[in-house]
Amino acid sequence: MKLTLPLLFIYLVSFGPATAQELPYVSDSNSWNPDSLGNVRAVIDVKQKGAAAARARIDWRRRDRHTDSEVIVVDSSTNRRVLNVKTDHISRESGEVTFEPESGAGTYYIYYLPYKVQGRTNYPTANYLKRSNTASATWLSSLKNAIPAKVRHIEAVNGMSSPYPMEVIAKSGEIKKLLAANASRKYLVFPEDRMHPIRMTDDLPQRWIKKGANRAFHDEAQPGENYTFQLGVYPTSLSLNNVRIRFSDLKQGSLAIIPAKAFSCLNTDGTGWDAQPVKKQVSVAKGKVQALWCLADIPANIPAGAYTGKVYVTASNAPETAIDIALQIGGPVLSDKGISDPQKQTRLAWLNSTMAQQNDVISPYLPLQRQGNTISLLGRRFTVGSNGLPERIETYFTPEMTGLSTTPKDVLKAPFRFVVTAKGGSVEKWADQGVRYTEQSPGTVAWTAAGTSSHLRMDVTGHIEFDGFVAYDVQVTALSDTELDDIYMDIPMSPDAARYMMGLNLKGGKRPASYDWKWEVATKNQDGAWIGDVNAGLNFSLRDEHYVRPLNTNFYLQKPLLLPTSWGNANKGGIRISETDGQVLVRNYSSARTMKKGERLHYNFTLLITPFHALDTDAQWKTRFYHRYNDPDSIRAKGATIVNIHHATPINPYINYPFIEHKAMKAYIDKAHRDGLQVKIYNTVRELSNSAYELFPLRSLGHEIFSPGKGLGYAWLQEHLGDDYIAAWYVPEIKDAAVVNSGMSRWHNYYVEGMNWLTQNVGIDGIYLDDVAFDRTTMKRVKRVLTRDGHPGYIDLHSANQYNKNDGFNNSANLYMEHFPYLNRLWFGEYFDYEQNNPDFFMTEVSGIPFGLMGEMLENGGNPWRGLIYGMTNRMPWKEGSDARAIWKVWDAFGMQGSKMLGYWTDANPVKTDHAKVLTTSYVQDKRALVSIASWAEADTSFHLNIDWKKLGIDPHKAQITAPEIVNFQSAANFTAAQSIPVTKGRGWLLIISEKP
């Protein structure tokens, strides 16, 4: 039933007759090519025949500032461009266009904002064409006899591109009358409903001129709804400082109320991504427009009726303005808060969500257990020293990484040391005050400690979480003015837990014997490293209290790391790695400095104790990805078990906004489930589609959600966002244009709520992440909602190689390691070189094995021989000639489920070669072994197998060695244990060793 409002608080202001009859605005259905003609046009009717020229005055009221842009006139009857055209008096408000009506009476189109797309297909820029003179001199001499032409309407190429009504600007004369009528006011307030998001900050819309300022506002809402409305604040005589809003109760007589506490302002208050309160100060420059989005949680049990009250707007330097509000409440109770109607901005409440913030333990991890100062977690133990710093770190993973051992492996050779040397080299002696535990829960154990020396006090706050993440805040306070030679922290690592290294400007591989590194945050996304072995390691990151997660994936240089005041010390700090006294010493130093009494520095750092869990090899063999939208029946027939639905597909068209076609997505997923398939969707928060319902409310939050930038990009962005954004991925087929998010923000709360909604209402089985632009807190929340109520919550992460200039020369595995505890598979990835890099690079940067993960290859289909050493294939359907199905067939025939993966890195591997650069991994199952062999030799070579028959449990006299035929991989062959086996450069074999029947 349609709700109707009583005629309450109707307040109209007249400013005299309009300057001209208002032009209608309509939307086309993409009948012309905007990339050659532009997105808008004026439709002109010429009534007279035989005229040499017709003149149209167009009140186009444009928000764009391209008043020098080309004007293209097209004859509708011939679809040809008219060359005899002259323009006059062109402004943002209006313009005159005189043209030759070549076909006489009829309809003509005037395109006044044409552009040419240039640049990369997925990162284009629309360059607006400059006005040119195409008219002949003879025709120009005939303009005094031009006849008037009528402007029928302004037409946009589609509804998405329409400026109506919130981007149809008010004229300067209209604004002058508005200001004159409100001369006593320092600012004006324009109430606006939720269906017309405020889009412009530099102009008033004509809609507001007609409605008037400071008027009463009335609207409709339903019980239980997440209701929203807007207040447009427009300073007229001064810039406003610290704009604030307060609400009264809304009352229905004495019968019922909507309490004031049910209202809030998104722009001034909220809850952050980390569950901390958000308090934002809003200032508005004179002549600018600021949208203030008001949220209301309408009670579900509220009686129907009209509720009236007030909202008050004020500023530190201006008086309060009261706006009357009338809400008509009626209709059925909305059990979903109205979430199913997101075009009503009902999901803006998600921005303040705390869903899944409780640090509950996530499978397969175990609750933390503390005995004294030792904390046990899955496969690891962490001991806190008397100074609060790490004293001992142990791992219990087997070398094969397929299970746990009873014998620990020490990551540290000695406890962490935090050392201060005074000027002249004397070492400050710390008097430790002991450790005090401040939290002990299944998910977190936290502690504090303190120590003092002659000149300093050190306060340590630390905590460890169930997945092996450790965070420290080390505050150093000067007790007196003091000069220091250095403040440094030593991490003494066991050599056998420090075989590999990646980070600090080094690609993954063998750790060098010595290495020096200095801070370069402007160009290097580097603040730590991972050092470890296959079954033990430590990732560390150096920070201070001002740490902000930088942008990544092509955009690091636009928002780089902040140099830590403590560790960085004006670029004098660094990291020095050396082998000495039977240990690998990682010295994190900050160099000489002077501290004034009371000055405080934060030497913060984080740790990740690796591996996170053992390998799930059985999941690797049975979980097979199909990475393309296709019919579920076809996918099942190809042998895949999970399909990834990318964006720019029919059921997930808009990048990182998978909500618009959710009904089609659900229908697809339901069919896939009936076919025995799981479905994951592409959804990240690095960038956001311009189709998002909430785009303009998010823009009203300044740079909280979207990064600042130079603007430009595709035409839609320039014409509707104006400037101050970073243009991101663009899909030309559907003209989906995205902008870059700013990093950590309340949009992550929305993301978590959205993932929960998609899981519960659409039935997604997980997500495919294409690089990650959020932190581990958000990842944990996402994993919790994806796995709620028995849902599988499968997450795989793809990364393009981040070791390049635009990404600050970071390693993908190092960059994303904080997310690894919650991933099911890696896909590393674009621009990874599987041909020129050595096995140590594969191990550290590609395979995921040292972290308890397994992966797949991407670039050029990968190297299948080398990939199988680490249990990897490529992902179908990826590249012609590199179809993984042939290998899957061998896996199934052999019986990979339940096999033991024994890699080249472990002594337990029963099959090796006599060639140092020809490596093997054995998959052993019931007196059978599937042996993967790959060569890193510089040329074609040969090798002999060294087989430990006892470990295999095979009688060598009954053994047979066969190479099954595998399309595009190897020809069928038989070998003996003693013979020399040839191997082509960069290739290998897949052999089956078994007893003859």
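We now turn to the structure provided with this report.

1. Quick notes on the overall build of the protein chain
When you go through the protein chain residue by residue, the secondary structure sums to 17 helices and 66 strands. By the compact-globule yardstick of 30 Å for 997 residues, the protein chain fits well, its C-alpha radius of gyration being 33 Å. Once the C-alpha set of the protein chain is aligned to its principal axes, its extents read approximately 105 × 75 × 60 Å. Taken across its 997 residues, the protein chain has 60% of its residues classed as buried.

2. Description of the state of the cysteines
With the rule as written, the count across this model stands at 0 disulfides. With no disulfide partner, Cys265 has as its closest neighbouring cysteine sulfur the one in Cys294, 5.2 Å distant.

3. Examining the sheet that holds strand β49 (residues 678-682)
Taken together, the 7 strands give an open sheet; going across it, the order is β47-β48-β49-β53-β54-β55-β56, and neighbouring strands pair in parallel fashion. Strand pairing shows two members of the sheet lacking a second neighbour, β47 (625-626) and β56 (855-856), which therefore form its edges. Both strand β48 (residues 642-645) and β49 contribute to a ladder of 4 bridges, which runs parallel. What sits directly across from Val643, in β49, is Val679. Along the sheet, helix α8 (residues 662-674) makes contact with β48 and β49, crossing β49 at roughly 150 degrees. Sheet contacts for helix α12 (residues 776-786): β53 (766-770) and β54 (794-799); angle to β53, the most-contacted strand, approximately 150 degrees.

4. A word on the pattern of salt bridges
Under the defined criterion, the tally for this structure stands at 53 salt bridges. The closest approach of N and O atoms between Glu192 and Arg207, which form a salt bridge, is 2.9 Å. Of this pair, Glu192 sits in strand β13 (residues 187-192) while Arg207 sits in helix α4 (residues 206-211), and the two are 15 residues apart along the sequence. Like Glu192, the residue Arg207 is buried in the burial classification. Here Glu394 and Arg392 are joined by a salt bridge, their closest N and O atoms 3.2 Å apart. The network of salt bridges with common partners includes Lys680, Asp796, Arg825, Glu856 and Arg875.

5. Quick word on the environment of Phe466
Secondary-structure assignment places Phe466 in the loop between β34 (456-465) and β35 (469-478). The buried category is assigned to Phe466, whose relative accessible area is 0%. Residues Phe466 and Lys177, spaced 289 residues apart in sequence, show a C-alpha to C-alpha distance of 65 Å.

6. Focus: the pairing of strand β24 (residues 305-315)
Among the 11 residues of β24, 8 are classified as buried, and the element is accordingly described as predominantly covered. Here 4 bridges tie strand β16 (residues 240-247) to β24, and the two strands are oriented antiparallel to one another. Of the residues in β24, the one forming a bridge with Arg244 is Thr314. Bridge analysis of β24 against strand β25 (residues 318-329) gives 10 bridges, and the strand direction is antiparallel. What sits directly across from Val311, in β25, is Ile323. The loop that links β24 with its antiparallel partner β25 comprises 2 residues.

7. Side note on the packing of helix α11 (residues 747-762) against α12
Direction vectors running N to C along α11 and α12 enclose 15 degrees, while the axes themselves pass 9 Å from each other. Overall, the two elements α11 and α12 adopt an arrangement that is roughly parallel. Viewed along their axes, α11 and α12 form a crossing whose handedness is right-handed. Residues His748, Asn749, Tyr751, Val752, Met755, Asn756 and Thr759 of α11 lie in contact with α12, whose contacting residues are Thr778, Arg781, Val782, Val785 and Leu786.

8. Description of the environment of His944
Its place among the elements puts His944 in the loop between β61 (941-943) and β62 (945-947). Once the C-alpha coordinates of His944 and Ser980 are considered, the two residues, 36 residues apart in sequence, prove to be 5.1 Å apart. With residues up to four places along the chain from it excluded, the contact list for His944 reads Lys912, Thr913, Asp914, Ala978, Gln979 and Ser980.

9. Observations concerning the pairing of strand β23 (residues 290-297)
Most of β23 sits inside the fold, with 7 of its 8 residues counted as buried. The pairing of strand β15 (residues 226-235) with β23 spans 8 bridges and is classified as antiparallel. Within β23, the position partnered with Gln230 by the bridge is Trp293.

10. As for the nonpolar core
Soluble globular proteins tend to bury their nonpolar side chains together. Of all hydrophobic cores here, the largest spans 240 residues; its most connected members are Phe418 and Phe820. With 8 residues, the top contributor of residues to this core is α11. With residues up to four places along the chain from it excluded, the contact list for Phe820 reads Phe612, Leu797, Ala813, Leu826, Phe828, Phe851 and Leu853. Counting residues in each nonpolar core, the second largest holds 34 residues, with Val189, Cys265, Ile302 and Ala318 among its members.

11. Some points on unusual backbone geometry
Of note, the amide linkage connecting Thr610 to Pro611 takes the cis form, showing an omega dihedral of 0 degrees. Looking at where Pro611 falls in the secondary structure, it is placed in the loop between β46 (604-610) and α6 (617-622). A cis amide bond links Met876 to the next residue, Pro877, at an omega of -10 degrees. Relative to the helices and strands, Pro877 is located in the loop between α15 (864-869) and α16 (885-894).

12. Structural notes on the sheet that holds strand β26 (residues 369-371)
Read from one edge of the open sheet, 5 strands run β26-β27-β28-β29-β30, paired in antiparallel fashion. Since the sheet does not close on itself, it has two edges, and those belong to β26 and β30 (404-410), each with one partner. In this sheet, adjacent strand axes meet at a mean angle of 20 degrees when their direction is disregarded. Pairing of β26 with strand β27 (residues 374-377) involves 3 bridges; the strand directions are antiparallel. When the sheet's bridge partners are listed, Gln371 is paired in β27 with Thr374.

Conventions and cut-offs
Residues numbered from 1 in each chain as written. Predicted model: local features only at pLDDT ≥ 70, side-chain atom pairs only at ≥ 80, totals over all residues. Heavy atoms only, no water. Helix = DSSP H or I, 4+ residues; strand = E, 2+ residues; numbered from the N terminus. Rg over C-alpha atoms; globule rule 2.2 N^0.38 Å. Buried < 20%, exposed > 50% of the residue type's maximum accessible area, 1.4 Å probe, protein only. Disulfide = S-S within 2.5 Å. Pairing = 2+ DSSP bridges. Contact = heavy atoms within 4.5 Å. Axes fitted to C-alpha atoms, helices over the stretch in contact; angles between N-to-C directions. Salt bridge = Lys/Arg side-chain N within 4 Å of Asp/Glu carboxyl O. Parallel < 35°, antiparallel > 145°, perpendicular 65-115°, else oblique. Left-handed = near helix turned anticlockwise from the far one by under 90°. Core = buried A, V, L, I, M, F, W, Y, C linked by side-chain atoms within 4.5 Å.

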